[in-house]
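Residue-level structural notes
In case you want the letters, here they are:
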Amino acid sequence: MACFFRRRIAAKLGRALQQSEEVFIPAVSAAPVFKKQQTADFKLSLSSLRASGILPSSADIQLQTEDLATRLKPDSVVEDISAGCGVINFTVNRKLLVQKVLEPFGKEEDDKFGLNSELFNTLKKGTTLVEYSSPNIAKKFHAGHLRSTIIGNFIANLKQSLGNNVIRMNYLGDWGMQFGLLGAGFGQFGCQEKLKQNPLQHLFEVYVQVNKEAEHNEDMRLAARDFFRQLEQHESQAVSLWQQFREITVDEYQHVYKRLGVHFDVYSGESFHQDQAQEVVQQLQSRGLLKTTEKGTGVVDLSPAGDMSSLCTVLRSDGTTLYITRDIAAAIDRREKYHFDEMIYVTDKSQANHFQQLFQILLALRHSWADRCRHVPFGLVQGMKTRSGEVVFLEDVLDEAQTRMLHNMSQSKTTKEMDNPEDTAERVGISALIVQDFKGPLLSDYKFDWDQMLQAHGDTGIFLQYTHARLCSLIRRNEGIDAVPFNPSLLLEQTGISILQHLLRYDEVLYQSAQDLQPKHLVNFLLKLCHLIASAHRELPVKGSPQDVAQVRLRLFSGACSVLANGMRILGITPVHKM
């Protein structure tokens, strides 16, 4: 594993520079692999030693590089040490590289590869609460909620794989004036029979009708306000109808989540924090943080100079609370209930200011843990359409991805016979959606492109799935080869070594992802791995090779398959075994 070599190099550096070897472990990184080109295995950037004060930053960096490289002596593990431009390159013994990287795969430790790395010792472990997806109840699942759902799922998976206790929370939009409209509208336009047959479609139709009506009908607006007042005062008939809407919605959403391979530990919502929001207002008041404007609204002054230039409204003039007031109450309640060590909110970038205000108010209320809350913002998806035109609902997108994928599979000469092609097409279609979404920085907007997304040979989710299925087929066809003793000296071709060098980077990629919570590092790592595997498939045949050579090659392909599958699962992709 990378740790073994990293520590050997760090020990050399520690002796040469008379420092603890621990300080060098994060500075030594696996070198990137270039196709068809021999490269060193690890590198040390001198600028990192200068930045941390281990070497003086005033001296000439190239002279420092060459001087340090000559002071480090090769041995039986690290066979070659050379100075590059501001970096020192290290090449390790080839037989040992094969042995150390492929060892875990012969011991049924496949799932743990890269996850026990000492790089993760500096990451804080504990309880992580991730709030994501968070659609509005009584509406069909809008395609706009796809990004929050899959990004939040990735973050939860990543944190869990690194040993955190993760609480996956869906904070539903289940309160507010729209339920006044829906409640009043259902009384006039609703039908319990239609509600049973197609629940969300019927609620959507009622909502559209009542909105039209309310535009020119004052009585309808009054009825809506009255229904919401009944809800706020917990009147049983209004609450019972609202509960029915909520249960129906959660039930329908769970079908969509199941298709996406997403689950939640807690379904929460704004409604849970009604009474607590009023307590927040009292706390703000007692701390002298609540001011009243001329219009009668309650605000908190967040300006650094205290000159009311940056205000956050927490109370309407009629005394009812707002979304942010309920968010403050929700954060305090979660801290008391779950004792989280960090809380992560996943929403689009338009809410960045909202979360900045939320964290500022929590700190002003002397909740120091607010420093451990973070918002992961993302950009918008442009042009998400199905064949029938503009898309609104996520199920339409999932159906279309499945249909297009089934068509592509039926046209392909390499498609295998399978028990359930619809299920395979669904999984592969969803992986295409996820990889298209995760390839770039989360903050960027991106253009949704069906044709690009579903290419079998581009850098797509299809390519990941195809590579995994192909490796599974290779492993199935060569069962029983593992009986001969494992001989690492038989895998010395550059194509095989390139895969091993690339696998050395896996823990670094997860470490980088854990710090900035961006899935692009893992996506790009897995795509590169698939390209290296494609070359090795051509150049390192298992079938027809002597048994001991076939065995070590199969171990290489099995190891690569295992890392690919584990990485895909962290991204939220279910690997397929045939396609």
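Residues numbered from 1 in each chain as written. Predicted model: local features only at pLDDT ≥ 70, side-chain atom pairs only at ≥ 80, totals over all residues. Heavy atoms only, no water.

Structural notes on the pattern of salt bridges
Short version of the rule: Any carboxyl oxygen of Asp or Glu within 4 Å of a side-chain nitrogen of Lys or Arg constitutes a salt bridge here. Note on conventions: DSSP H or I runs of at least 4 residues are helices, E runs of at least 2 residues are strands, and numbering of each starts at the N terminus. The cut-offs for exposure are 20% and 50% of the maximum accessible area for each residue type, with area from a 1.4 Å probe on protein chains only; residues under the lower value are buried, those over the upper are exposed, and the others partly exposed.
A complete count under the given rule lists 27 salt bridges for this structure. In this structure, Glu22 and Arg7 form a salt bridge, with 3.1 Å as the shortest nitrogen-oxygen distance. Taken together, the positions of Glu22 in the loop between helix 1 (2-17) and strand 1 (28-30) and Arg7 in helix 1 put the pair 15 residues apart, joining distant regions of the chain. According to the relative accessible area criterion, Glu22 is partly exposed, its value standing at 46%. Each of Arg7, Glu21, Glu22 and Glu118 takes part in a single network of salt bridges with overlapping partners.

Details of the pairing of strand 2 (residues 42-45)
Heads up, the rule is: Strands are treated as partners if at least two bridges between them are detected by DSSP.
With burial as the criterion, only one face of strand 2 is covered, namely that bearing Phe42 and Leu44; the residues Lys43 and Ser45 on the opposite face remain uncovered. Here strand 1 runs beside strand 2; their pairing, made up of 3 bridges, is antiparallel. What sits directly across from Val28, in strand 2, is Leu44.

Some points on a positive patch on the surface
Keep this limit in mind: Within the patch definition used here, like charges are joined within 9 Å and nonpolar side chains (Val, Leu, Ile, Met, Phe, Trp, Tyr) within 5 Å, considering only residues with over 30% relative accessible area and no salt bridge. Each accessible area value is a Shrake-Rupley result obtained with a 1.4 Å probe; residue values ignore everything except the protein chains displayed when judging cover. Positive charges are assigned to Lys and Arg, negative charges to Asp and Glu, while His and the chain termini are left out of the count. Every charge is mapped to an atom, namely NZ of Lys, CZ of Arg, CG of Asp or CD of Glu.
Among the surface-exposed residues, Lys35, Lys416, Arg470, Arg476, Arg477, Arg538, Lys543 and Lys578 lie close enough to one another that they form a single positively charged patch. Per element, the largest residue contribution to the positive patch is 3 residues, and it comes from helix 17 (residues 461-477). Tracing the sequence through the fold places Lys578 in the segment after helix 21 (547-571).

Some words on the pairing of strand 11 (residues 342-348)
Keep this limit in mind: Orienting the strands away from the viewer, one traces the path from the first strand over the helix to the second; a clockwise path indicates a right-handed crossover.
With 6 of its 7 residues buried, strand 11 lies for the most part within the structure. In terms of strand pairing, strand 5 (residues 127-131) meets strand 11 through 4 bridges, oriented parallel. By the bridge assignment for strand 11, Glu131 is matched with Tyr345. Sheet topology note: the strand 11/strand 12 (residues 373-378) ladder contains 6 bridges and is parallel. For Met343, the partnering residue across the bridge sits in strand 12 and is Cys373. Regarding the hand of the β-α-β motif, the stretch spanning strand 11, helix 13 (residues 352-364) and strand 12 is right-handed.

Focus on helix 20 (residues 520-539)
Note the following rule: Here the expected length of a helix is defined as 1.5 Å per residue gap, with one fewer gap than residues.
Over its 20 residues, helix 20 extends 29 Å from the first C-alpha to the last, a length consistent with the 28 Å expected when each residue adds 1.5 Å. In terms of burial, helix 20 is a largely internal element, 14 of the 20 residues being buried.

A look at the environment of Asp111
One can find Asp111 in the loop between helix 4 (94-102) and strand 5. Counting along the chain gives 451 residues from Asp111 to Ser562, while the straight-line C-alpha distance between them is 7.2 Å.

With respect to the packing of helix 12 (residues 323-338) against helix 13
Rules: To define axes, lines are fitted to C-alpha atoms, for helices over the stretch in contact only, and angles between the resulting N-to-C directions are given on a 0 to 180 degree scale. Roughly parallel here means an angle under 35 degrees, roughly antiparallel means over 145, roughly perpendicular means 65 to 115, and every remaining angle is called oblique. Note: crossing handedness is left-handed where the near helix turns anticlockwise from the far helix by less than a right angle, and right-handed where it turns clockwise. In this analysis, two residues are considered to be in contact whenever any of their non-hydrogen atoms come within 4.5 Å of each other. Under this grouping Gly is polar, as are all residues other than the nonpolar Ala, Val, Leu, Ile, Met, Phe, Trp, Tyr, Cys and Pro and the charged Asp, Glu, Lys and Arg.
As a packed pair, helix 12 and helix 13 sit with axes 10 Å apart at the nearest point and diverge in direction by 55°. As the angle between them shows, helix 12 and helix 13 are arranged oblique. In this structure, helix 12 meets helix 13 at a crossing whose hand is right-handed. Contacts between helix 12 and helix 13 involve Tyr323, Ile324, Asp327, Ile328, Ala331 and Ile332 on the former and, on the latter, His354, Phe355, Gln357, Leu358, Ile361 and Leu362. Residues belonging to the contact of helix 12 with helix 13 are distributed by class as follows: 9 nonpolar, 2 polar and 1 charged.

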